[in-house]
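Examination of the molecular architecture
Given next are the chains, with one letter for each unit.
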Amino acid sequence: MTTSNVSLAVATAAGSTTLDIAGSPARLKIEGLRRPAAALRPTPYVEVDETRLARNMQAMQRRADAAGLAMFPHVKTHKSVELARRQLALGARGITASKPSEALVFVEAGIPSIIVAYPIVCASSLDRLLPAVKAHGTELRTIAASETGVDALSAAAMRHDVEIGVFLKVDVGLGRVGLKPHDPAAIAVCQKITTAHGLRFAGLLSHAGHSYAAADAEGLATVARNEASAMAGLAAELKSLGIMVPCISVGATPTCVGAPLQAVDCIRPGNYVFLDGTALRLGICGADDLALSVVARVVASNDTHFIIDAGSKTMSSDRGAHGMGGNGFGIVIDADGGSDAGVWTLERMSEEHGFVPVSGRSLPLGSRVRVFPNHSCATIANFDRFTLRRDEGEALTHTVDARSCQT
């Protein structure tokens, strides 16, 4: 991954093309993006560039290794057993999953260690996962942010005769799940975990998802510093009470990629494998790091827009992680390797159609386009499979294994 400042060169035959990303004038380098799409197949479909994928995976693993940190990448981004195995082969110690049903797919695939970053408040939520964990000998850790959650986890562990590692989930600013580091309840929940039957205290875990709203590199660094400081402060308080903190785990691609890694033991980035328009807006990658795109087709046109066969049921209607995206829903380019270097924005969508402003550069009906979404995680979740495109032109199909895990 190459760190950029969102001001990226665009080369065209006639000069340069300017694209407005998230309200900021951004000049997008598209030469590397203008590879013909994989062999003709029904549109829309997801295509992943294997070279960029491998480069992104390797860069993040090297970053973790250089800092002496354990990598537990978040598989909610790709939901693929094949890609999880690639991450483990590069040096990841295990994976992170969003919920028990998603984790079950990877337990059954033999992944040895899994963090379920999901607040369990009902013991029955683990009734499908824990038997598989026991049968496969999987190391399982999850989170708690309340005494109710600790009670539920303990009941589930005792019911299935397994041990569960439990992190305290710390809210470092996103305001979603977790206890504030200075909330007295944080200490109380940790103390309860240490004495609960079937549980062991795993440490502290946070997700600085608010980093997606950062305006620049310094904003990202500030979020990362504040997160590390809050976690270290709480860990010190726990240690003063005789509670050892085995692991401090943080996870958000912007802070893991765009800020120094400091005072933690484990990182859980997810989006880094594909990256997307939001990462580009944040300046934590260059355009030639974007590994995932949707190949769609122009099916209609009018005076103001050309219409593609990829709408909200394909791209999702998410403008970015946690809704912290910019203008439009993706970057659009020609997918057939034509000489025209036009760049468009996916402006709006209905369920099955996307509206792309002509901006003086329309495309004929039947043309294929490549759309780089604002949020790659939400996009691939709409597909049962994806196409892995290799440099030599070979295209392999892989399953999105953990798609549609509802319980």
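The sections below set out a description of the structure shown in this document. Given the structure is predicted, the values throughout are model-derived calculations rather than measurements. (Residues numbered from 1 in each chain as written. Predicted model: local features only at pLDDT ≥ 70, side-chain atom pairs only at ≥ 80, totals over all residues. Heavy atoms only, no water.)

The next subject is the packing of aromatic side chains. If you walk through the whole model with that rule in mind, you get one aromatic pair. Geometrically, the ring pair formed by F306 and W344 is edge-to-face, given 5.3 Å between the ring centres and 90° between the ring planes. Note that F306 is positioned in strand β13 (residues 305-308) and W344 in strand β15 (residues 343-345), a separation of 38 residues in sequence. Given the relative accessible area of 0%, F306 is considered buried. Residue classification places W344 among the buried residues on the basis of a relative accessible area of 2%. Over the ring of Y45 we find R41; its NZ or CZ atom is 5.6 Å from the centre of that ring. Taking NZ or CZ as reference, R348 lies 3.9 Å from the ring centre of F355, over its face. (Phe/Tyr/Trp six-rings, centres within 6.5 Å; stacked < 30°, edge-to-face > 60°. Helix = DSSP H or I, 4+ residues; strand = E, 2+ residues; numbered from the N terminus. Buried < 20%, exposed > 50% of the residue type's maximum accessible area, 1.4 Å probe, protein only. Lys NZ or Arg CZ within 6 Å of the ring centre and 35° of its normal.)

On to helix α1 (residues 50-67). Between its first and last C-alpha atoms α1 spans 26 Å; for 18 residues at 1.5 Å apiece the expected length is 26 Å, and the two agree. Of the residues making up α1, those classed as buried are E50, R52, L53, N56, M57, A59, M60, Q61 and A64. On its buried face, α1 sits against β3 (45-49), β4 (70-71), α2 (81-90), α8 (253-258), β11 (266-267) and β19 (385-389). Where α1 starts, the residue carrying a side-chain oxygen 3.0 Å from the main-chain nitrogen of T51 turns out to be D49. In the segment just after α1, G68 is the residue with positive phi, at about 70°. (Expected span 1.5 Å × (residues − 1). Contact = heavy atoms within 4.5 Å. Polar contact = N/O pair within 3.5 Å; in protein donor to acceptor, adjacent residues only side chain to side chain.)

Mapped onto the secondary structure, K169 falls in strand β8 (residues 164-170). Buried charged residue K169 carries no salt bridge. Nearest counter-charge: D171, at 7.2 Å. Polar contacts involving the side chain of K169 include one to the main-chain carbonyl oxygen of V177, which spans 3.4 Å. Look past the residues within four positions of K169 in its chain and what remains in contact with it is I143, A144, A145, V177, G178, L179, L205, S206 and H207. (Lys, Arg positive; Asp, Glu negative; His and termini not counted. Salt bridge = Lys/Arg side-chain N within 4 Å of Asp/Glu carboxyl O.)

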